[in-house]
Amino acid sequence: MAQAKSNSQDDPATGATGDPASEEAHAEARQAIELGKIRAKSEHPDEPAPLDLKDPPPSADGISLPETPDKVQPADQTPPEEQQKQLEGLETIEELEKKKHKSTEAFKGDGEDVKPGSKGDEEDAKQSSRTNGEVDSSTKGTSLSDGPGEVVNEHDGPGPLGPGAHAIEGIGTPGMDNELAAQSQVSTVNAAGEDLATGVPAELDPQVAAFLVDDPEVPVAEVTPIMPFVQRKEGRRTVAVVGVLLTALAILLGVFLTKNNKGQGEDEGQLSEFPSLLPSDLPSSMPSFDARSTLAIVQDRGVLNCGVEDTVEGGAVQFGEYTGDLCRQVAANVLGDPGKVNLVKVGADRFERLHGRDVDLLIAGEESTLAKAVREPTTGEKFLFGYPYYGAAVHYIGLQKYVQCAVEQKRFGECKDLSICAYDTSDIRDLMTAFFPGPFVQFGPFPEMEKSLKNGTCNVLLSDTYRIYGSSLQEDIDVFTNAGKYIISDMYIARKQLGQVTRFEDGEWFNIVEGTRHWSAKAFQFGIGKDDSSCPATNGDEFDGSVNFFNGVYCVGNYGEIFQRSLGSHVIGVSSRYITMVDAVKFGPLTCDDCENIIDTDPYLREIVDAGKLKCGIYLDPLLNITTTSVSTLIAEQLCRAIAVAIFQGKPNAAEISYLEEMDFSKFPDEFDVMLGMSWEDAMSNDEGDLLPRRADEWAPSIAYFFHDKYMYRGMKNIGVGRADIFMTNAKRAPRNAQRFPFLVLAIFMAIVDAQRRGISRANFNKMPLIEFLGEGLSFIGRDVVAFAGNYDDIFEEAYAKSDGLIERGWNTVLPNSGRAPRMPTMFCDSLGVCPPAEFAFDIAPGAYYWNWEY
């Protein structure tokens, strides 16, 4: 029997009670812990030493085990009365002997298994126990471990420690007793007679010495670790069952929502505040995981989700009807029924909802800019903007005196009381803060600004003409005589080019939306309009799923019909027949601190740079008798050199130019980097209005740089604006999401048009702004291009001087961003070749005529 020695008979500060039996029980509990350390070290010398139990060791599941001190804690650690209670709870050796066969459940944690190690009676193995139930997690045979352990119960008979001690392997072997005795008798008192651990005098801090006791009849139990729930058998079964249930629930929910949404599509495109809650809409960029095209998803869904502006709240009901019809045209083209559309109201979150697949496209009064296309600020994503479907002129309306003050930007003297209410958009806010100090302008929704003008809070209102025209202010204005209470400025101070928007990664869907706009205008030229007998939704014919751009015309109407039905029957023509047609959207914000250098991120563009030359192809259309001396060809040559100047830092000769008299429009010629001299309809559709399949995988269309003065339809020339020559780049040379070369080509032509509008040419090229959002390496492209080629007029006049003279200037002048314009939504008939007879018109300005053309 081991003996516990104490320096005190009854000292609550040390846990000694003076009872020899209790003293011995306390010593045995401590000694069992020490024995576990020594045994593990002997059995596994290569494993880390047992943790010092002064710090609580981590258990297998990351939970700290109870702290077991090496020494009696200082007197001030626990109140005396608590210590006395603890000591009274200690059991004597006789009591422990009585509990030798007690069940080992005390060793079990949640889900832990205790394996008996006795080779004898099974009941004895189940009831093996250990003094105080304490476990050393650093010892293999007696602690939680990374896997199931083995219980040691090998009896060599009573060892030198005597019967009653746990027979732990390694203890009682030669040499171990002396080592243990040495460990248990190391002095813990310094030269001053103070305890090393507590710092109190030794006589006030008695020590307890413990010796090992070996009891061959007591088996040692071992516990196994608690494995995570999902790794245990019952956990895996639970996960499997829950997974099956969730899958079934998702399928049922999808079926229910699909049926519900298809029902919505029958409601003739009623405005809905909530989009379809169906699975993702488009190709596989985040957050969608559906790899199908938008066309496939929309046709499978049976409804088009079209994001539109809340024009009722925004004060433009007629314009809302106009954009709603544009959405219905797309639905008719892809679904055969204009009623299968869900008009989803969007606001400032419009791009987030488009990127998140809540809507399939935006026709929401969004101004097109290159900066938004490259990196839209609310999402950080790229988007595709189509050719503008409406050019919204921004005018002043209000009291005549103050409208004149606003136009001349005067704010002193007779203009000191000028107060402007402006419809709040980002572009109008930027414009007005550059024109006037803050106190002169307030911004807000159109209905509020309209009310402020009427109640005298402000004396001038600034907004788009289509909002003014659609508001109650029409009662107080006369657009022809300006004799009403309010007048509208003759000059527009800005022009917003509103474009439809699609996600960047789906070129096929972009071509469908763009083709809808294109063929709606062409049908107006051709004299093809709404015809219920040809509309698949009304003529009884089954829709076969093929996209035909005339379906939107037959079911909804052509461009002229839609415009006049929603925005009015005002038509204007000019005596010269030709109006300005060359246009480009605005750059938008030019600065950027962290924009990527597109030369480094587009493998297509990097390939061109590494090759050291730009391979440029120009198509010579035989139907239009285009030759190498035609003005359109000479303009294309100069534009090729301008692109080379931008890419190769001022080297126009890096452009390698070739001419093609025959073209296979089913595929992009791989020997070229960029193609000019061809039109959108050449590559994307035929004269019957069919969308040609797979063309978006070959061709990436860009901006128009030249308009021919007649159009071709079914082999015949017709009067009106003709084919537009555009830039085309190769859609195969880089993954869709990595393509930046089309942006660069667009930016180069935009710089040429912008220089024209700013009055900048070669002589003052350094006035061109830096374009930072294409990356640091390309910020000077505007200046470089204008220094080499000049503005649009420079390029045209020089090309025309070298040309054969067979093609006149025609429509090819740049449309300004400010100037005189009609004070109402107006359709120009000249560009479409559909002007009414002159005898029914009346003059509104020198060389300009007006018709009220009721459709």
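So, a few notes on the structure that sits alongside this text. (Residues numbered from 1 in each chain as written. Predicted model: local features only at pLDDT ≥ 70, side-chain atom pairs only at ≥ 80, totals over all residues. Heavy atoms only, no water.)

Quick word on the packing of aromatic side chains
Enumeration according to the criterion identifies 24 aromatic pairs in this entry. Consider the rings of phenylalanine 504 and phenylalanine 743, whose centres lie 5.6 Å apart with planes at 35°: the pair is tilted. Within this pair, whereas phenylalanine 504 is found in the loop between strand E15 (501-503) and helix H16 (507-526), its partner phenylalanine 743 is found in helix H23 (residues 741-758), the two being separated by 239 residues in sequence. For the pair shown, phenylalanine 504 and phenylalanine 743 are each scored as buried. Both rings, one in phenylalanine 749 and one in tyrosine 792, keep their centres 6.1 Å apart while their planes meet at 90°; by these two values the pair is edge-to-face. One end of the pair, phenylalanine 749, is in helix H23; the other, tyrosine 792, is in helix H25 (residues 792-802), and 43 residues separate them in sequence. One exposure class covers both phenylalanine 749 and tyrosine 792, and it is buried. Ring-pair connections join several aromatic residues into one group, and the members of that group are Phe319, Tyr322, Tyr389, Tyr390, Tyr466, Tyr559 and Phe563. The ring centre of phenylalanine 504 lies 5.2 Å from the NZ or CZ of lysine 382, which sits over that ring. (Phe/Tyr/Trp six-rings, centres within 6.5 Å; stacked < 30°, edge-to-face > 60°. Helix = DSSP H or I, 4+ residues; strand = E, 2+ residues; numbered from the N terminus. Buried < 20%, exposed > 50% of the residue type's maximum accessible area, 1.4 Å probe, protein only. Lys NZ or Arg CZ within 6 Å of the ring centre and 35° of its normal.)

Some details on the packing of helix H7 (residues 294-301) against H16
At a minimum axis distance of 8 Å, the contact between H7 and H16 shows a crossing angle of 70°. Of the possible angle classes, the one that applies to H7 and H16 is roughly perpendicular. Every residue of H16 that contacts H7 at Thr294, Leu295 and Val298 is listed here: Glu508, Trp509 and Ile512. For the contact of H7 with H16, the residue count by class is 4 nonpolar, 1 polar and 1 charged. (Axes fitted to C-alpha atoms, helices over the stretch in contact; angles between N-to-C directions. Parallel < 35°, antiparallel > 145°, perpendicular 65-115°, else oblique. Contact = heavy atoms within 4.5 Å. Nonpolar A, V, L, I, M, F, W, Y, C, P; charged D, E, K, R; others polar.)

Some words on the pattern of salt bridges
Taken as a whole and assessed by the stated rule, the structure comprises 38 salt bridges. Arginine 762 is the partner of glutamate 798 in a salt bridge, and the nearest nitrogen-oxygen pair spans 2.8 Å. Note that glutamate 798 is positioned in helix H25 and arginine 762 in the loop between H23 and helix H24 (781-789), a separation of 36 residues in sequence. Among the residues examined, arginine 762 registers a relative accessible area of 30% and is labelled partly exposed. (Salt bridge = Lys/Arg side-chain N within 4 Å of Asp/Glu carboxyl O.)

All quantities given are derived from atomic positions and should not be read as evidence of function.
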